[in-house]
Each structure stands twice: as C-alpha cells, then as structure tokens.
Amino acid sequence: MRMRKLALGAFLLAAGPTAAAAQTTLAIRQVAVVDVTGGPTRAGQTVLVSGNRIVAVGPAAEVRVPAGARVVDASGKYLIPGLWDAHTHLTFVGRGVLGLSLANGVTGVRDMGARHFATAKAWRDSIAAGLLLGPRMTIASPVVERPEWLAAVRRWLQEAGASDQDLRERFGPTSPEEATRWVDSVAALGADHVKIRNWSRNAAITQAILDRARHHGLPVVGHAGPAAFLPRMASIEHSFFPILELSGAGRDSLFRGIAAGGAVVVPTLATWPNRLQPADSILALLDPARTPTFRYLPAEMLEEWRKELKVRENETPYDYPAAHRAALRDLREMRALGIPVLPATDAPSMLLVSGFSLHDELALFVSDVGMTPVEALRSATLAPARFLGMADSLGTVEPGKLADLVLLDADPLADIRNTRRVWAVVANGRWLDRPALDRLLATAEGGR
C-alpha cells in the first residue's frame, strides 16, 4: 500500500489529554444508526463510547449502560460516522476554522497546501495530542510548482505591488538531485503527503519526486499531470484541465491505468459555481448580509475574492460550461471503472466556506454525478478511511472504532441535504451538543 499506515503515529489519538478527559462513558440511546456500507439503518440503538472509542452498539434493550454514564436521548436522530473534507486549506483562515469544521460534522480533513507549513503541522500535532479541538488532519508538503511558473507569478505580483506570501513556501525544483533532497527534507519535517500542483516539463524531476516519496512511504497527490505518471499518484485533485482531447477509447485507456494504480479522484465539484456565474452575480454574493456563511471569513478574504474577480476581467475568455460538462463526463467514466471518488471543497476558494461547503459537495455528488445518498455518504466516511489506511479505526459506527460521530436531525439516506442538519458531534470521544457547536460557530465569526 502506497499510503503510510497513519495508525502507527500519534494521529490516531489513542491516548493523550483529550482521551483522558473523556473517560466517562457516553451512552447515546434510541438512535438510528446509519450503515454507510449499504446495510439497513438500525433504529432504537444504544451506542456506548468510552474514552475515544466506541465500545458497544446494539438494541437499546440489550446494551447495558454503566452507572455514572452520561446518557443522551437521541430519539428521532440519525447517527453517522464523522465526515471528511478531502481537499481543503485550513490555515488560510483563522484558527476558528477548526471549530467551524466540527460544527458542520467534519471530523477529518486533508490539508492540501498551507499558507505556512509550520502552522498546519502545529494544528495537526496539537489536535492529535488533545491540546486543540479540531478535526483530524493530514497535511501536505509545501506545494511543488513548475519553476518557470513560480518565477513568472512572483514577477507579476511584484509588478502589481501585491504580496507573494502565499508563494513563499512553494518549491520549484530545477534538477532531479534538488527534487530528491527536497523530498528528504519534507519527510523529515513531517508532511503526510507530497503535493504537485504544476508539473515540471523535465520528466526526470518528476520521476525523482515519485521515487524518493516512495522511499519515504509518502503518497504523491496533486493536480492531473502527464498521463505516464498518473498511475503512480495516490490521488488526483480537481478536474482534468485543460479538457482532455481524447477519444472515448483514449479516455478509457487513461482511466483504466489510473484505476490499476489504485488512485482516488477528488473532484472538488463545489468549486465550479464560482466559474460558471457572471462576475457581477458573484460580487453581489460577497455581502455577508446576503450570504450568511461568509460571516465566518475574515474581511480580508472577501476583499481578496473581490480583487480576484477584477483580475478575471483581463483573462482570456474560456468556455467554462464546456469544461464543466467534460469534468462531469470524466468523473462518471472514472467512477464506472471503480475509481473511488472523495468529496472536497478546496475552501477557502472563492464562495467556499470550510465545513458548510462539504454539504454542497455531497449534494452535487447526488444531483450531478448520480450517486445515491448512501454512496455519497460513504464517499465522505468509509472511503476516506480506506484511502488513508485507517478503516480499522474510522469510517463506520462499530465497536472498536474511534468515536468520530455526527448526530443528525433527519435521515441523510432520505435526502443527502439532511447532512446539514447537525444536532451534535462526537469528536474523538468528546461530546459536542448543539449549544457547544453554536459556541464554536460564534468563535469562528470574522475568521478568528
């Protein structure tokens, strides 16, 4: 398996302050447990959590609740595993974004490129140690770019009098030897995966990154690149861009190679509306009074989006509707070949807010991709756990699993939009009821 077994590290939180603080047994009674593998929903269940582990799941009449347990009456509620956002950028927002994720039932994220790697690492490790409340995190290396692109953008920003802070930690390798040394460095720093965004025109450089990452047990993830390297990717992020100029047979051959390599696809469908709407329509949405979720973003983020819209006025026109149709076609074809699809938001890309936008992605999986609600739910729970090599500890509601759970007010299998109706969350065994979640939301206002 290309993925490092994350269960070997502190990431699984098997011990630590959070676990110690949660030793009192939590009993969730009379709840309907949703089976994301496709089995029937089991009504009238009691779920016992001790520390940060699920210790029992069964009919309420058969599960004995220990004396002194905290008992929660969950009649009429639906219990699902915690959700994952498989592509996000948390550190571009204040630390309140961690609570914002949990308040939306997102108990795990893949951070795919931090503004500052040290910040992402500190958050990940503090959460793992129980010192900080937030979703489980895996973190990318500083992002790999094509050196020519990196130099051109830095020059353009300098000429425009704009800051290049978001590019300062990005890496543009100029030789295979430099690429090898860099992978050694990010492995020592503690990255969970290596991310390639712009691919080098020198195949030897890419080969060096892939070979050295494999040596360290680091998966290589990123944007779609040369077809020869795609089967060695652990995950392919976003859509193929530009549109694949291949026949149906050509796409089938390419996608079969990806399937054989074991990659997953992370399409970030929720990012498309910001390209499919006119700039004027988007600009009107940037008023928090009109879009309430934007109150959880710092004012400077909204200003950055306004500037981005101005920059787009000078872009060469592009047929984004055609690109969107091609992206959906490719996604359906890959899914038909059995390639796993994981939901993600790319937040805080324009119009996207961490936590909230994952529910938009799940809705698009049903409406645009053709998934059933249980398939969409599985893509955000069990599928990420399998991808990360953590299915023995996460992804389903079973005894022995870590207690990352979400209680919903309505059945998500009847309507996937019901994943938005979060009543309570259990984050690594810690009980967060609606008032606690509301406090997390209040703390996140203004992007704090």
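Everything numeric in this text was worked out from a predicted model, so none of it was measured. Per chain, the residues get numbers from 1 upward, laid out in the order the sequence is written. In keeping with the model being predicted, local features are shown solely for residues with a pLDDT of at least 70 and side-chain atom pairs are shown and tallied solely at 80 or more, while totals for entire chains, interfaces and linings include all residues. Hydrogen atoms and water are omitted, and side-chain values are computed over all heavy atoms in the structure.

This part takes up the overall build of the protein. Here a strand is any run of E in DSSP of at least two residues, a helix any run of H or I of at least four, and the numbering for each starts at the N terminus. Scanning the protein from terminus to terminus reveals 15 helices and 15 strands. The atom set for the radius of gyration is the C-alpha atoms, and the globule formula is 2.2 Å times the number of residues raised to the power 0.38. A globule of 448 residues ought to have a C-alpha radius of gyration of about 22 Å, and the protein, at 22 Å, matches this closely. Taken along the three principal axes of its C-alpha coordinates, the protein extends 65 × 50 × 45 Å. Exposure is judged per residue with a 1.4 Å probe applied to protein chains only, and the accessible area is read against the type maximum: over 50% gives exposed, under 20% gives buried, and values in between give partly exposed. Residue burial in the protein is summarised as follows: out of 448 residues, 54% are buried. Contact between two residues is taken to exist if any of their heavy atoms lie within 4.5 Å; hydrogens are not considered. For the protein, the share of sequence-separated contacts (at least 6 apart) that also reach a separation of at least 24 residues comes to 72%. For accessible areas, the Shrake-Rupley method is used with a probe of radius 1.4 Å. Any residue's cover is judged against the shown protein chains and nothing else. Accessible surface computed for the protein: about 18200 Å², of which carbon and sulfur atoms make up 53%. On the protein, the mean spot of the 50 positive side-chain charges and the mean spot of the 45 negative ones are 3 Å from each other. Charge assignment in this entry is limited to Lys and Arg as positive and Asp and Glu as negative, and neither His nor the chain termini are counted. A charged residue contributes its charge at one atom only: NZ of Lys, CZ of Arg, CG of Asp or CD of Glu.

So, about the sheet that holds strand S10 (residues 220-223). At least two bridges found by DSSP between two strands is the condition for calling them paired. Sheet architecture is open: 4 strands sit in the order S9-S10-S11-S12, paired in parallel fashion. Because the sheet does not close on itself, it has two edges, and the strands there are strand S9 (194-196) and strand S12 (264-266). Geometrically, the sheet is characterised by an average inter-axis angle of 20° between neighbouring strands, direction not taken into account. Judged from the 3 bridges that link them, S10 and strand S11 (residues 235-237) form a sheet pairing that is parallel. Across the sheet, His223 pairs through a bridge with Glu237, a residue of S11. Axis definition: a line fitted to C-alpha atoms, limited for helices to the stretch in contact. Angles are taken between N-to-C directions and run from 0 to 180 degrees.

Cis geometry is found at the peptide bond from Phe241 to Pro242, where omega equals 5°. Inspection of the secondary structure assignment puts Pro242 in the loop between S11 and helix H7 (248-261). The peptide bond linking Ala347 to Pro348 adopts the cis configuration, its omega dihedral lying at 5°. Here Pro348 is to be found in the loop between helix H11 (320-336) and helix H12 (356-369). Here the phi dihedral of His238 falls at roughly 70°; this positive angle occurs in a residue that is not glycine. Topologically, His238 is positioned in the loop between S11 and H7.

Once that is clear, we can look at the nonpolar core. Membership of the largest hydrophobic core comes to 94 residues, with the highest contact counts inside it found for Val194 and Ile258. Here this core gets 6 residues from one element, more than from any other, and that element is H11. In contact with Val194, not counting residues within four places along its chain, are Ser141, Val144, Trp182, Val186, Ile209, Ala213, Leu218, Pro219, Val220 and Val221. The criterion is simple. A nonpolar core is a set of buried Ala, Val, Leu, Ile, Met, Phe, Trp, Tyr and Cys residues joined through side-chain atoms within 4.5 Å. In this structure, Ile28, Val47, Val49 and Val397 belong to the second largest nonpolar core, which totals 18 residues.

The strands that make up a sheet are held in pairs by hydrogen bonds between backbone atoms, and each pair lies either parallel or antiparallel. The 3 strands are arranged S6-S7-S8 in an open sheet whose pairing can be described as parallel. Strands at the two margins of the open sheet, each flanked by one partner only, are strand S6 (83-88) and strand S8 (136-139). For this sheet, the mean angle separating the axes of adjacent strands, direction not counted, is 15°. Sheet analysis places strand S7 (residues 106-111) next to S8, joined by 4 bridges and oriented parallel. In the sheet register, Val109 faces S8, and the bridge partner there is Met137.

The next subject is the environment of Val369. Checked against the element boundaries, Val369 lands in helix H12. Take Val369: its relative accessible area is 7%, and that puts it in the buried class. For the pair Val369 and Ala118, spaced 251 residues apart in sequence, the C-alpha separation works out to 37 Å. Contact partners of Val369, with chain neighbours within four places excluded, come to Leu269, Leu331, Arg332, Arg335 and Leu364.

On to the pairing of S10. Two elements, S9 and S10, share 3 bridges in a ladder whose sense is parallel. By the bridge assignment for S10, Lys195 is matched with Val221. Crossovers are marked right-handed if the path from the first strand over the helix to the second runs clockwise, as seen with the strands pointing away from the viewer. Note that the unit made of S9, helix H6 (residues 203-216) and S10 has a crossover that is right-handed.

Right, let's talk about the pattern of salt bridges for a bit. Put simply, a salt bridge is a Lys or Arg side-chain nitrogen that is within 4 Å of an Asp or Glu carboxyl oxygen. Under the criterion given, the structure shown has 22 salt bridges. A salt bridge links Arg124 to Asp192, with the shortest nitrogen-to-oxygen separation between them at 3.0 Å. Of this pair, Arg124 sits in helix H3 (residues 117-128) while Asp192 sits in the loop between helix H5 (176-189) and S9, and the two are 68 residues apart along the sequence. Comparing Arg124 with Asp192, the two get one shared label, buried. Here Asp330 ties to Arg329 by a salt bridge, and the two come within 2.9 Å at their closest N and O atoms. For Asp330, a relative accessible area of 3% translates into the label buried. Overall, the relative accessible area of 26% leaves Arg329 in the partly exposed class. Beyond isolated ion pairs, a larger network of salt bridges with shared partners links Arg251, Arg329, Asp330 and Glu333.

The topology assignment puts Ala122 in helix H3. Judged by relative accessible area, which is 37%, Ala122 ranks as partly exposed. Residues Ala122 and Asp192, spaced 70 residues apart in sequence, show a C-alpha to C-alpha distance of 13 Å.

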